[in-house]
Amino acid sequence: MKKIFIPLEKISKQNRTLLILVWIVLLIVLWFAGTAGEKHLFPNPAQVAKGFSDLYNEGLVTHIFHSLQLCFISISLAIIVSLFFAYLWPVPVMKPVSEFITKLRFLPFTGLSYYITLLISDARDMQIWILVIFLTTFLTTSLIAVIRDIPQEEFDHAKTLKCSRFETLVQVVILGRLDYVIDVIRQNLAITWMLIVTVESIVVASGGLGFLIKNSDKFMNHGRIIALQIIILLIGLGLDYGINFLRKALFRFSKI
Amino acid sequence: MGKILRTQKLTTLSELLIVLVVIGGILGAIYFISPGIKTSISKKLEGIDVNKADVNNVVNADKIALPAKDESSEVSSKPKIRIAGYAWNAQSGIIVANGGPVTTKGSLMEKNNVNLEIIRQDWLSELRNMQMKFIEEYDQGEAFPQSDKSVFAVMIMGDGAPFYISSVQKSLDEKYGKDKYHLQVMGALGMSYGEDKLIGPPAWKSNPKSMKGALISTVLGDGDWVTTVNYCFANGLKVNPDPTTYDEDAVNFFPSENDDYMKAAEELIKSQTTGWTVSLKGVKEGKLTGKTVSRKIDGCATWTPGDKVVFDKLSGFVDIVSTKEFNNQMPVALIGVKEWATKNPDMVSNILKASLTASNQMKNYDDWRMRAAEAVTATYKIENADYWYKMFQGQQGTKNGLTYNMGGSKVFNYADAMQYFGITDGVNRYKSVYNQVSNYLTELNPFGFNENVGGVVPYDNAVNLFFLKNINDIESTAPEKVDYTEEKKEVMASGEWKINFKTGSADISSSSTTELEKIYNLLIQAENTKLNIVGHTDNQGDDATNNMLSKSRAQAVVNYLKQRGIPQTRFQIVDGKGETDPVATNDTEAGRAQNRRVVITLLN
């Protein structure tokens, strides 16, 4: 029992699960206790439960699928674009271009959507492309970092196998790091999810979780707001777990 | 892999496929079993709520010295009171009463011992958060909450009050316990008089029915939206309040980015200039058609300077209807915290007194209006004094042969405020506005108002005139009445109402009281208009009897409205056309019911 208070101590998987459960229970108890009185900062569990059931009856699941669809389309497109730039990064002539893309991640969102609007005429496509453009900058940065970190030995190994430069690119950089690509996607998913809620609350006409949370805020319906926050958190965690699982399943010997 | 399904007989890929199919199946089942998104049915409300009481009074008051621009030192020791509001010109009175964003030397606020800060905030959610912060600090025991982010009151459009007060009340009840804190309208300080408007192609003005199927960008639930909804209903058009669907038989709305009225203008411009479209789910009679419709934005409902931006950048657009026509619709409502106000009644009354006195000066003296424009510029930090001065009075422009109007505001003196609430003449204009908009919120249910808020705070709880009535020793002048002697010719709106009468008689059925109430409310909001009322019947019975009957039915409506305070001089024509002008077939009961109607035309 003492072990759990000692730094760098290893504990069994069972104990770890138990600890997590205890913390979750504590959090829930704190929530119930903190909102038991007449005055409370956060909505109480009953209000959140009501928020959840109201949302469900008003088409929550459809909105969730809507957001997931947006997420899937935009992240797929962003991956294609960023892989293109990342794989061209080792080619000297393209290196400055790829690195320039990574620098754009510091640009703020506000104001730029106007120019995207001028180029894209449909509001839904606009949402997708805003996401693609901003995601590409983050994904390219992470992917280049993965390539940069490939140990020299792997390239040397390819050389000893008499691989040409292009074969080395394919074998070491592209095929050799596919598991890392999946992990990069997983890490950047949180940004996608945050951006999705933002773009959906800008163009609320297309629905989605962003629309719901914006709408609940408009009416100050805190039960719904917290219910939606919980839903978004759970979906985020679920996707995170799912992608990690996919990586492990596909790349059994991955050492990430 | 053999890890997931605990079998060695499958390859990794096939095992993964099985897992994906199973998860996909479960999610698919959830998707199909769970309730779909609710769609709203477009509605044509049988009623108009227009009341036009022009309150541009002729008054004679002694001139008071203009406020200086330096901050007052006399009141600096007193606790600071903060009020926040959007940038709009109708608030000029309270701002010049303060001399600017903070109380200045020689200002009327200083003379009334008020240390006031006026904060510009164009986001409704932020206005609300600031007021909630005030309540939180007050709840913690601070008699005069002082943090920068807390405001005692907000100034918003009075037609937005049912939405604002009701949604905040629900939140207050949940957070502090039922009925511990309340927000209330404590006075009206001025009004938009043309500043807020619907902008669209000229055809919408000459033939309002051509608006059918239009998509209009606006801040849903806001006063501009109300102006547009009023116009639709006055012209018998259906309204689709659901921002995610498109109904070709109704007028549709696109909710502007960030609930920003400027964005409403920009969305129209970008749609018209770049071909930007919005994809919406098609809907008919409240049911999804399964088709997706891509629509450009056809018009916008916005206010100054949004209107100026549109007219500067686009040709072929005019103001269709505005708060000049619905002149009583949009007062500047001061919404304060009841519990704090009842502990500091003199403070609240003094703020109102200083504002109403300054407004009276603005009505009398041009240099007060100019000083107000300077104070407004200093407070809003946008444009310059010349701009606000011109926009206060309203500007007219022409482009490619089309005439359009921008701006236009009024400020209230004491007599105006008393008249507006019906304290002096018994016609409570604000109550009509409040009830009408409450009706729109609950019947149209924009953004799911009913599910989210649960109900509207009734007028009697939402409005507290104690502080206004508590003002004493203020120059009080008689408000000018609207002059109805002149004949009006321009049709502003023409709506047909089905009012039920007892068979063969001109006695209005009790089932039609709600409709008459809506008509009354609409007439109150457009108080400057004159009225033509024409009755019609179906073809049952003989011509002569029907003629008589239709006229006496029109007269019955007039009698009802007169008894509610609408003056006889406002009715330009009261006539009956019998069965001569059917709008539907007389062969069916449904068609005959449509033909038994009263047409009310509002004339400018």
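Just so it is clear, the structure is predicted and the values come from calculations on it, not from any experiment.

**Quick notes on the overall build of chain B**
- For chain B, the count of helices and strands is 21 helices and 21 strands.
- Its C-alpha radius of gyration of 27 Å places chain B within 12% of the 25 Å reference for a compact globule of 604 residues.
- For chain B, the C-alpha atoms occupy an extent of roughly 90 × 85 × 55 Å along the three principal directions.
- By the burial criterion, 60% of the 604 residues in chain B qualify as buried.
- By sequence separation, contacts in chain B at least 24 residues apart represent 79% of the contacts at least 6 residues apart.
- Distance between charge centres in chain B, computed from 67 positive and 72 negative side chains, equals 3 Å.

**Notes on the state of the cysteines**
Residues and elements named next belong to chain B.
- Summed over the entire model, instances satisfying the criterion amount to zero disulfides over all chains.
- Of the cysteine sulfurs around Cys300, a residue in no disulfide, the closest is that of Cys232, at 14 Å.
- You can call Cys300 buried: its relative accessible area is 0%.

**Description of the packing of helix α19 (residues 513-525) of chain B against helix α20 (residues 543-563) of chain B**
All names here are of chain B.
- For the pair α19 and α20, interaxial distance at closest approach is 11 Å and the crossing angle is 65°. As for how α19 packs across α20, the hand of that crossing is right-handed. Between α19 and α20, the contacting residues are Thr513, Leu516, Glu517, Tyr520 and Leu523 on the first element and Val557, Tyr560 and Leu561 on the second.
- The residue makeup of the contact of α19 with α20, split by class, is six nonpolar, one polar and one charged.

**Some thoughts on helix α11 (residues 345-364) of chain B**
- Look at α11(B): 29 Å from first C-alpha to last across 20 residues, which is about the 28 Å you get at 1.5 Å a residue.
- The buried count for α11(B) comes to 16 of 20 residues, which makes it a mostly enclosed element.

**A look at helix α6 (residues 123-148) of chain A**
- End to end, α6(A) covers 38 Å across 26 residues, agreeing with the expected 38 Å (1.5 Å per residue, within 8%).
- Along α6(A), the largest kink reaches about 25° and is centred on A:Thr136.

**A look at the side chain of B:Ser217**
- Mapped onto the elements, B:Ser217 comes out in strand β6 (residues 215-218).
- Non-local contacts of B:Ser217, meaning those with residues more than four positions away in its chain, are made with B:Phe254, B:Ser256, B:Ala264, B:Glu267, B:Leu268, B:Ile297, B:Gly299, B:Cys300 and B:Ala301.

**Brief notes about the packing of helix α3 (residues 60-88) of chain A against helix α9 (residues 178-202) of chain A**
Residue and element names in this part refer to chain A.
- One way to put it is that α3 packs onto α9 with a least axis distance of 9 Å and a crossing angle of 130°. As judged from the angle between their axes, α3 and α9 are oblique. Between α3 and α9 the crossing geometry is right-handed. Two secondary-structure elements touch here, α3 through His66, Ser67, Leu68, Leu70, Cys71, Ile75, Ile79, Leu83 and Tyr87 and α9 through Leu178, Val181, Ile185, Leu189, Thr192, Trp193, Ile196, Val199 and Glu200.
- Across the contact of α3 with α9, the residue classes tally to 14 nonpolar, three polar and one charged.

**Let's talk about the sheet that holds strand β10 (residues 277-284) of chain B**
All names here are of chain B.
- The strand order across the open sheet built from three strands is β8-β10-β11, with neighbouring strands paired in mixed fashion. Since the sheet does not close on itself, it has two edges, and those belong to β8 (245-246) and β11 (287-296), each with one partner.
- Here β10 pairs with β11 via seven bridges, running antiparallel. Counted as the bridge partner of Thr277 is Lys296 from β11.

**Looking at the pairing of strand β12 (residues 299-303) of chain B**
Residue and element names in this part refer to chain B.
- Burial of β12 is extensive: five of the five residues sit out of reach of the surface.
- With burial as the criterion, each face of β12 is covered, one bearing Gly299, Ala301 and Trp303 and the other bearing Cys300 and Thr302.
- Summarising the sheet, strand β5 (residues 196-200) and β12 pair through four bridges and their orientation is antiparallel. When the bridges of β12 are listed, Lys197 appears paired with Thr302.

**As for the pairing of strand β4 (residues 183-192) of chain B**
Residues and elements named next belong to chain B.
- With 10 of 10 residues buried, β4 is to be regarded as a mostly interior element.
- The sheet contact formed by β4 and strand β14 (residues 331-337) spans six bridges and is antiparallel. Residue pairing across strands places Met191 opposite Pro331, the latter belonging to β14.

**Observations concerning the environment of B:Asn539**
Residue and element names in this part refer to chain B.
- Tracing the chain through its elements places Asn539 in the loop between β19 (530-536) and α20.
- The class for Asn539 is partly exposed, based on a relative accessible area of 32%.
- C-alpha separation for the pair Asn539 and Thr585, spaced 46 residues apart in sequence, amounts to 9.6 Å.
- Residue contacts for Asn539: discarding those within four places in its chain leaves Asn546, Glu579, Asn586 and Arg592.

**What to know about the nonpolar core**
- Ranked by internal contacts, the top residues of the largest apolar core, which has 227 residues, are B:Ile94, B:Phe152, B:Ile335, B:Phe421, B:Tyr430, B:Leu468 and B:Ile533.
- Here the element with the most residues in this core is α6(A); it accounts for 13 residues.
- Not counting residues within four places of it along the chain, the set of residues in contact with B:Tyr430 comprises B:Gly158, B:Ala161, B:Val185, B:Pro331, B:Tyr420, B:Phe421, B:Tyr459 and B:Val463.

**Some thoughts on unusual backbone geometry**
All names here are of chain B.
- Despite not being glycine, Asp179 has its phi angle at roughly 60°, a positive value.
- When its relative accessible area of 45% is taken as the criterion, Asp179 is described as partly exposed.
- Even without being glycine, Phe447 reaches a positive phi, approximately 60°.
- Mapping Phe447 onto the fold places it in the loop between α15 (429-444) and α16 (449-453).
- Residue classification places Phe447 among the buried positions, given a relative accessible area of 10%.

**A word on the interface of chain A and chain B**
- Each side of the interface is counted separately: chain A has 41 residues, and chain B has 52 residues.
- Where chain A abuts chain B, roughly 4,300 Å² becomes buried across the two surfaces, and 60% of that area is made up of carbon and sulfur atoms.
- Among the residues chain A hides against chain B, the three largest losses belong to A:Lys218, A:Phe219 and A:Met220. Together they make up 18% of the total.
- Summed over the shared surface of chain A and chain B, the result is four salt bridges.
- The partner of B:Glu136 in a salt bridge is A:Lys39, with the nearest N and O atoms 3.1 Å apart.

**So, the side chain of A:Glu200**
Residue and element names in this part refer to chain A.
- Tracing the backbone shows Glu200 in helix α9.
- Although Glu200 is buried, it forms no salt bridge, and the closest oppositely charged side chain is Arg124 at an N-O distance of 4.8 Å.
- Residues contacting Glu200, with those up to four places away along its chain left out, are His66, Ser67, Leu70, Gln127, Gly207, Gly208, Leu209, Gly210 and Phe211.

**Let's talk about the pattern of salt bridges**
- Inspection of every chain in the model, using the stated rule, returns 39 salt bridges over all chains.
- A salt bridge links B:Lys238 to B:Glu285; its shortest N-O distance comes to 4.0 Å. In this pair, B:Lys238 is assigned in strand β7 (residues 238-240) and B:Glu285 in the loop between β10 and β11, connecting sequence segments 47 residues apart.
- For B:Lys238, a relative accessible area of 23% gives the class partly exposed.
- Its salt-bridge partner being B:Asp298, residue B:Arg295 comes within 2.7 Å of it at the nearest N-O pair.
- B:Arg295 sits in the partly exposed class, given a relative accessible area of 23%.
- Salt bridges linked by common partners bring A:Lys39, B:Glu136, B:Asp139, B:Lys175 and B:Lys180 together as one network.

Criteria and thresholds
All chains use their own residue numbering, which begins from 1 and follows the written sequence. For naming, the first written chain is A and the first written ligand is 1, with later ones following in the order written. Since the coordinates come from a predicted model, pLDDT governs what is reported: local features require at least 70, and pairs of side-chain atoms require 80 or more to be given and counted, while whole-chain, interface and lining totals use all residues. Side-chain metrics rest on all non-hydrogen atoms present in the structure, leaving aside hydrogens and water. Each helix is a run of DSSP H or I of at least 4 residues and each strand a run of E of at least 2, with the numbering of both proceeding from the N terminus. In this description the radius of gyration comes from C-alpha coordinates, and the expected globular size is given by 2.2 Å times residues to the power 0.38. When accessible area is computed with a 1.4 Å probe and restricted to protein chains, residues below 20% of their type maximum are described as buried, those above 50% as exposed, and intermediate ones as partly exposed. We call two residues in contact when some of their heavy atoms are within 4.5 Å. In this charge count, Lys and Arg are treated as positive and Asp and Glu as negative; neither His nor the chain ends contribute. Charge positions are represented by NZ for Lys, CZ for Arg, CG for Asp and CD for Glu. What counts as a disulfide here is a pair of cysteine sulfur atoms lying within 2.5 Å. Helix axes are fitted to C-alpha atoms over the stretch in contact, other axes to C-alpha atoms as well, and angles between N-to-C directions run from 0 to 180 degrees. With the far helix as reference, a near helix turned anticlockwise by less than a right angle produces a left-handed crossing, and one turned clockwise produces a right-handed crossing. Residues are grouped as follows: Ala, Val, Leu, Ile, Met, Phe, Trp, Tyr, Cys and Pro are nonpolar; Asp, Glu, Lys and Arg are charged; all remaining types, including Gly, are polar. By this rule the span expected of a helix is its residue count minus one, scaled by 1.5 Å. The angle separating two fitted axes, one through the seven residues that finish at a residue and one through the seven that start at it, defines the bend at that residue. Each angle receives one of four descriptions, namely roughly parallel if under 35 degrees, roughly antiparallel if over 145, roughly perpendicular if within 65 to 115, and oblique otherwise. Paired strands are those between which DSSP finds at least two bridges. Nonpolar cores are built from buried Ala, Val, Leu, Ile, Met, Phe, Trp, Tyr and Cys residues. Side-chain atoms within 4.5 Å join them into one set. Accessible surface is computed with a 1.4 Å probe, and the buried area is the amount of it that two parts give up when combined, taken over both parts together. We count a salt bridge whenever a side-chain nitrogen from Lys or Arg sits within 4 Å of a carboxyl oxygen from Asp or Glu.

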